[in-house]
Amino acid sequence: MRSIALRYLQLNDEITELDRHLHRLVSQAAAELMAVKGLGAETVAALRIAVGDNPERLRSESAFAHLCGVAPIPASSGKTSRHRLNRGGDRQANHALYMIAVTRMAWEPRTRAYVARRTAEGETKSEIIRCLKRHIAREIYRLLVPRTPAQPSSHRDLATAA
């Protein structure tokens, strides 16, 4: 029992040190994301890893949403018009967006008001979380991929730029 307890303490110390190191690295690489309330080092790291070393390859926030698996997929039949969750994409990035959505549902007043309004409209919790993840992906894309003045922000801007 004593050796197991000592091993537990050693591993706990190692985890604490690695968490500090991760926080330091992520703070250097993505200070603007770390400044957003509700985002921790683990979620920012997962999103940065999903984007990779070349964030300019993501031409729009829609591409980022597809990469994270939060782009809506039509699932309509007959008179029912609805969307479902995308099961593709980077699962760690999707989980990071899910954790941000759940956290915001608990403490952010705007998100709580949005959830109350959508619940009153008859939406399910999973549908609300799907929409929240898409909104969060849009917000995070703007922070992850800095826009240059020559870079259009959406497909609509592509049409006007041409």
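The present account deals with the structure reproduced in this document.

Parameters and conventions
- Residues numbered from 1 in each chain as written.
- Predicted model: local features only at pLDDT ≥ 70, side-chain atom pairs only at ≥ 80, totals over all residues.
- Heavy atoms only, no water.
- Buried < 20%, exposed > 50% of the residue type's maximum accessible area, 1.4 Å probe, protein only.
- Helix = DSSP H or I, 4+ residues; strand = E, 2+ residues; numbered from the N terminus.
- Arc of directions from axis to C-beta.
- Contact = heavy atoms within 4.5 Å.
- Core = buried A, V, L, I, M, F, W, Y, C linked by side-chain atoms within 4.5 Å.
- Salt bridge = Lys/Arg side-chain N within 4 Å of Asp/Glu carboxyl O.

What follows concerns helix 4 (residues 61-68). Taken as a whole, helix 4 has its buried residues at E61, F64, A65 and C68. End-on, the buried residues of helix 4 take up no more than an arc of 100°, which puts them together on one face. Against the buried residues of helix 4 lie helix 3 (41-51), helix 5 (91-107) and helix 7 (125-144). Looking one or two residues past helix 4, G69 carries a phi angle of roughly 80°, positive in sign.

All right, on to the nonpolar core then. Ranked by internal contacts, the top residues of the largest apolar core, which has 37 residues, are L47, F64, L97, I140 and L144. Elements with a contribution of two residues or more to this core: helix 2 (31-34), helix 3, helix 4, helix 5, helix 6 (109-120) and helix 7. If one sorts the elements of this core by residue count, helix 7 sits on top with nine residues. Beyond its immediate stretch of four places on either side in the chain, I140 contacts L33, L39, L47, F64, L97 and I100.

Okay, the pattern of salt bridges next. Throughout the structure, instances matching the rule amount to nine salt bridges. Notably, a salt bridge pairs E17 with R20, separated by 3.2 Å at the nearest N-O pair. Here E17 and its partner R20 are both found in helix 1 (residues 2-29), three residues apart, which amounts to about one turn of the helix. With a relative accessible area of 49%, R20 lands in the partly exposed category. Notably, a salt bridge pairs E121 with R118, separated by 3.3 Å at the nearest N-O pair. Given the relative accessible area of 16%, R118 is considered buried.

Function-wise, these values are silent; they only describe arrangement.
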